[in-house]
Amino acid sequence: MSSAAAPRVSADDALDPRAMREPLPNAWYCVGQASAIAGGKMRAVALNGEQVVVGRARDGALFALRDRCPHRGMALSKGKFDGDTLMCPFHGWRFGTDGRCRDVPTLSEHDASDFSRIAVQRFPIVESAGFLWVNPHLGPSDPGAVPAVPSLDFEPAGCLVLELEVEASFDLTTLSLVDPGHVAFVHDTWWFRPSKELREKVKTFQPVPHGFVMTSHATTTSSPVYRLLGGVPEVEIEFRLPGVRLERIKAGTKRVANYTFATPMSPNRTMLTNALYWSMPALNLLKPVARPMMRQFLTQDQQVLQHAQAGLDRKPTMVLLGQGDLPSQWYFRLKREALEAAREGRPFANPLVHQELRWRS
Ligand code: FES
Ligand SMILES: [Fe+2]
């Protein structure tokens, strides 16, 4: 990050054939809205090549289990959940929400088989900012080493959520969250980008735990969406591992947050989740207008990412050039540091420093 004055071309920094190609294994990933799972309900989610069943017991406790019956591999999410135990639909084995086998109904009293040691793999799950978060990592880990789950620092009056599957790798999709260069070309809708001209931008970046934050003031010339807030809003955009973009907008006492999360489903499929929260009840009226706009915006990313993925499938190299591409390089640097810290069993040390970047967008 210290060499910003001299833009550098780099591909090998970014693309390590093994661990660097995969999503960070030990991190929290968004697996859907918390409100989508009521007490006594469960649902299947794809996470980093794994099938996971997430649910909420009758008492409200969340659980996440590998969606695979140990008996013959059946998806437990296809069975029944009574709010306490999951029943596999194939031969009726029952599992507690802790993953332990509770019953094998086909056993005779004379059968000496012991099922008490059989268990389904369990994953940590938490709820935050209206979403459920699962860490697919297996094995011991120090909670301090894992990037914090996104949270909201105000009480929202309303919220708009959109989820879109992208046929692209987790890395490529995540790069779009920190890439100022694509905005003028991909998101050129009148309501977001009224001016077609590229302008010189100067932004200040600083390291934050497991990521970096961009602060900017006096965005008078920016999008009409910001102007809705009245006054001159202060905008702060944080990127945090594994693939989280947190945009926080303040105008006086008014608050808006636009959060975007990337979730790896499989090697070439990534879920993009966008959540817009606001503190002003009056904005609830705009929901029917805002929803199609948000969909259009996310679809623009989806389309361009899918075409770019096709190009990377033919030749998996990138050229990262100029200061506008530095945040993309930082992403790979943060990820590499997280992997190296985990491998060496030491705390994560953010390799980034305070820096001003210039680009045209
Ligand atoms: S596969 Fe689940 S009980 Fe047989
Ligand atoms: Fe985008």
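Note that the coordinates shown come from a computational prediction; the quantities given were computed from them, not determined experimentally.

A separate point is the overall build of the protein chain. Each helix and strand counted, the protein chain has five helices and 18 strands in total. Among the 361 residues that make up the protein chain, the fraction classed as buried is 48%. When contacts within the protein chain are restricted to residue pairs at least 6 apart in sequence, those whose partners lie at least 24 apart make up 60%.

A few words on the coordination of the iron ion (ligand 2). For the iron ion (ligand 2), the full set of protein donor atoms is His182 (NE2), His187 (NE2), Asp301 (OD) and Asp301 (OD), and the range of their distances to it is 2.1 to 2.6 Å. Taken together, the four donor atoms coordinating the iron ion (ligand 2) span angles of 55 to 152° at the metal, a pattern that classifies the geometry as irregular. Considered as a linear motif, the donors of the iron ion (ligand 2) on their single chain read H-x4-H-x113-D. Of the two residues, His187 sits in the loop between α2 (183-186) and β12 (200-208) while Asp301 sits in helix α4 (residues 287-314), which places them 114 residues apart along the sequence. Its relative accessible area of 1% is what places His187 among the buried residues.

For the structure on display, the rule yields 13 aromatic pairs. Between Phe212 and Phe239, the ring centres sit 5.7 Å apart and the planes meet at 35°, which makes this aromatic pair tilted. With Phe212 in strand β13 (residues 211-216) and Phe239 in strand β14 (residues 234-240), this pair connects stretches of sequence that are 27 residues apart. Of the two residues, Phe212 and Phe239, both sit in the buried class.

Burial analysis of β14 places five of its seven residues in the buried class, the great majority of the element. Inspection of the sheet shows β13 paired to β14 by six bridges, in the antiparallel sense. Within the sheet, the bridge partner assigned to Gly211 lies in β14 and is Arg240. Pairing geometry for β14 and strand β15 (residues 244-251), over seven bridges, is antiparallel. Counterpart to Val235 in the pairing with β15 is Ile249.

Here we take up the side chain of Gln323. Mapped onto the elements of the fold, Gln323 is located in the loop between α4 and α5 (326-344). Here Gln323 falls in the buried class, since its relative accessible area comes to 16%. Looking at Gln323, its side chain comes within polar contact range of the main-chain nitrogen of Arg358, at 2.6 Å.

The next point concerns the pattern of salt bridges. Summed over the entire model, instances satisfying the criterion amount to 15 salt bridges. Residue Arg269 is joined to Glu167 by a salt bridge in which the shortest nitrogen-to-oxygen separation is 3.1 Å. Taken together, the residues span a long stretch of sequence, with Arg269 in strand β17 (residues 269-278) and Glu167 in the loop between β11 (158-166) and α1 (170-175) at a distance of 102 residues. Since its relative accessible area comes to 28%, Arg269 is described here as partly exposed. Looking at Glu167, the relative accessible area reads 44%, which means it is partly exposed.

Ordered in space as β2-β3-β4, the three strands form an open sheet in which the pairing is antiparallel. In this open sheet, the two strands that pair with only one neighbour each are β2 (41-47) and β4 (62-66). The mean angle between the axes of side-by-side strands here comes to 25°, regardless of whether they run parallel or antiparallel.

Let us look at the nonpolar core. Ranked by size, the top nonpolar core spans 59 residues in total, and within it Val54, Val134, Phe212 and Leu241 carry the most contacts. The element that contributes the greatest number of residues to this core is α5, accounting for seven residues. In terms of domain composition, this core takes at least three residues from each of domain 1 (24-139) and domain 2 (150-360). When near neighbours in sequence (up to four residues on either side) are disregarded, Phe212 contacts Val178, Phe205, Gln206, Pro207, Ile237, Glu238, Phe239, Pro327, Trp330, Leu334 and Leu352. One finds Trp28, Cys30, Phe261 and Tyr277 within the second-largest nonpolar core, a separate group that totals 16 residues.

Here we take up the sheet that holds β11. The eight strands lie next to each other as β11-β17-β16-β15-β14-β13-β12-β18, forming an open sheet whose pairing is antiparallel. Only two strands of the sheet have a single partner each, and these edge strands are β11 and β18 (355-360). Direction aside, neighbouring strands of the sheet carry axes that sit 20° apart on average. In the sheet, β11 pairs with β17 via nine bridges, with the strands oriented antiparallel. By the bridge assignment, Leu164 is partnered in β17 with Leu272. On top of the sheet, α5 reaches β12, β13, β14 and β18; it is set at about 135° to β18, its chief contact.

All right, on to the pairing of β2 then. When β2 meets strand β3 (residues 50-56), the two strands line up antiparallel, connected through seven bridges. The residue of β3 that forms the bridge with Met42 is Gly55. Hairpin geometry of β2 and β3 is characterised by an intervening segment of two residues between the two adjacent antiparallel strands and by a positive phi of about 50° at Asn48.

Rules of the game
- Residues numbered from 1 in each chain as written.
- Chains lettered and ligands numbered in written order.
- Predicted model: local features only at pLDDT ≥ 70, side-chain atom pairs only at ≥ 80, totals over all residues.
- Heavy atoms only, no water.
- Helix = DSSP H or I, 4+ residues; strand = E, 2+ residues; numbered from the N terminus.
- Buried < 20%, exposed > 50% of the residue type's maximum accessible area, 1.4 Å probe, protein only.
- Contact = heavy atoms within 4.5 Å.
- Donors = N, O, S within 2.8 Å, 3.2 Å for Na, K, Ca; no water.
- Tetrahedral: all angles 85-135°; square planar, octahedral: opposite > 155°, others 65-115°.
- Phe/Tyr/Trp six-rings, centres within 6.5 Å; stacked < 30°, edge-to-face > 60°.
- Pairing = 2+ DSSP bridges.
- Polar contact = N/O pair within 3.5 Å; in protein donor to acceptor, adjacent residues only side chain to side chain.
- Salt bridge = Lys/Arg side-chain N within 4 Å of Asp/Glu carboxyl O.
- Axes fitted to C-alpha atoms, helices over the stretch in contact; angles between N-to-C directions.
- Core = buried A, V, L, I, M, F, W, Y, C linked by side-chain atoms within 4.5 Å.
- Domains from an automatic or database assignment.

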